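Inside the fold
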Amino acid sequence: MAARRILIGAVAGAHGVRGEVLIKSYAAEPERIAGYGPLYDETGNRQFQIAVRRLTGRGVIARIEGVASRSEAEALKGMRLYVDRERLPATEAGEYYHADLVGLLAVSPAGEVMGEVVAVQNYGAGDLIEIRLAGGGETELVPFTDAFVPRVDLAAGRMTVALPIEVSARDETASTLSAGGTARRQT
């Protein structure tokens, strides 16, 4: 069975003339991207060892083993970097990796299948679960808060979702849309 890989960064471009690269790191602590062991390209066929040189406001300056010139570094621009899922640290209660949520069934509080989680989005005001509704191609964005997603069961492959219209009817007000509830953290 192939290893499950998680996107952990992307090469933003070359830095300097000696083969260093600027990496946009998606790790909770960006400079720790090298600590996860070998990183892979999207296909999983190419493996990279990186050494972080320093952290900047734009990303991580790093050296990739075997890359010695600016032109070699420039050739890597846009390459997405992946890490084996099992190499990532365990999450705390109420904290999930986006990749662990994608693919879960979304079920109503009554247990009816609503659809499948296809993405986790964040446009600046908190995480949103994107659900492809059963029986159609459209998707619904739901705030990833306790009010709208009261239960996540990774082992069962499902999450309970109360669509915003159901929550506002139950609570007599739509204020939960802006107040939310306790937001669950994600990395």
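Criteria and thresholds
- Residues numbered from 1 in each chain as written.
- Predicted model: local features only at pLDDT ≥ 70, side-chain atom pairs only at ≥ 80, totals over all residues.
- Heavy atoms only, no water.
- Helix = DSSP H or I, 4+ residues; strand = E, 2+ residues; numbered from the N terminus.
- Contact = heavy atoms within 4.5 Å.
- Areas by Shrake-Rupley, 256 points an atom, 1.4 Å probe, with all protein chains shown as cover.
- Core = buried A, V, L, I, M, F, W, Y, C linked by side-chain atoms within 4.5 Å.
- Buried < 20%, exposed > 50% of the residue type's maximum accessible area, 1.4 Å probe, protein only.
- Pairing = 2+ DSSP bridges.
- Phe/Tyr/Trp six-rings, centres within 6.5 Å; stacked < 30°, edge-to-face > 60°.
- Lys NZ or Arg CZ within 6 Å of the ring centre and 35° of its normal.
- Axes fitted to C-alpha atoms, helices over the stretch in contact; angles between N-to-C directions.
- Salt bridge = Lys/Arg side-chain N within 4 Å of Asp/Glu carboxyl O.

Once that is clear, we can look at the overall build of the protein chain. A tally of helices and strands in the protein chain yields 4 helices and 13 strands. In the protein chain, the proportion of contacts linking residues at least 24 apart, taken out of those at least 6 apart, comes to 51%. Working note: accessible area of the protein chain is about 10400 Å², and carbon and sulfur atoms make up 49% of it.

Moving on to the environment of Lys 24. Among the secondary structure elements, Lys 24 is positioned in strand E2 (residues 20–25). Taking the C-alpha atoms as reference points, Lys 24 and Ala 12, separated by 12 residues in sequence, lie 6.2 Å from one another. Once residues within four sequence positions are removed from consideration, Lys 24 is found in contact with Ile 8, Gly 9 and Ala 10.

This next bit is on the nonpolar core. Counting residues in hydrophobic clusters, the biggest one holds 22 residues, and the most contacted among them are Ile 8, Val 11, Ile 23, Ile 64 and Leu 81. Secondary structure elements with two or more residues in this core: strand E1 (5–15), E2, strand E6 (59–64) and strand E7 (80–84). Excluding its chain neighbours within four sequence positions, the residues that come into contact with Ile 23 are Ala 10, Val 11, Ala 12, Ile 33, Ile 50, Gly 59, Val 60, Ala 62 and Leu 81. Judged by nonpolar contacts, the second largest core, of 16 residues, contains Val 117, Ile 129, Ile 131 and Phe 148.

Let us now look at the pairing of E2. In terms of burial, E2 is largely enclosed, as 5 of its 6 residues are buried. In this sheet, E2 lies alongside E1 in antiparallel orientation, the contact comprising 6 bridges. Note that in E2 the partner of Gly 9 across the bridge is Ser 25. Linking E1 back to E2 in an antiparallel pair, the connection comprises 4 residues, with Gly 16 at a positive phi of about 80 degrees. Note: E2 against E6, 4 bridges, orientation antiparallel. Of the residues in E6, the one forming a bridge with Glu 20 is Arg 63.

Applying the stated criterion to the full structure yields 1 aromatic pair. Note that Arg 5 overlies the ring of Tyr 40, its terminal NZ or CZ placed 3.8 Å from the centroid.

Sheet strands associate in pairs through backbone hydrogen bonding, adopting either a parallel or an antiparallel arrangement. Ordered by their spatial adjacency, 6 strands build an open sheet running E11-E10-E9-E8-E13-E12, and the pairing between neighbours is mixed. Strands with a single pairing partner mark the edges of an open sheet, and in this sheet they are strand E11 (139–143) and strand E12 (151–153). Each strand of the sheet is rotated relative to its neighbour by a mean of 35 degrees, with strand direction disregarded. Examined bridge by bridge, strand E8 (residues 105–107) and strand E13 (residues 158–160) share 3 bridges and lie parallel to one another. Considered in E13, the bridge of Leu 105 is made with Arg 158.

With that settled, the discussion passes to the pattern of salt bridges. Counted by the stated rule, this structure contains 8 salt bridges. Between Asp 153 and Arg 151 there is a salt bridge; the shortest N-O distance is 3.3 Å.

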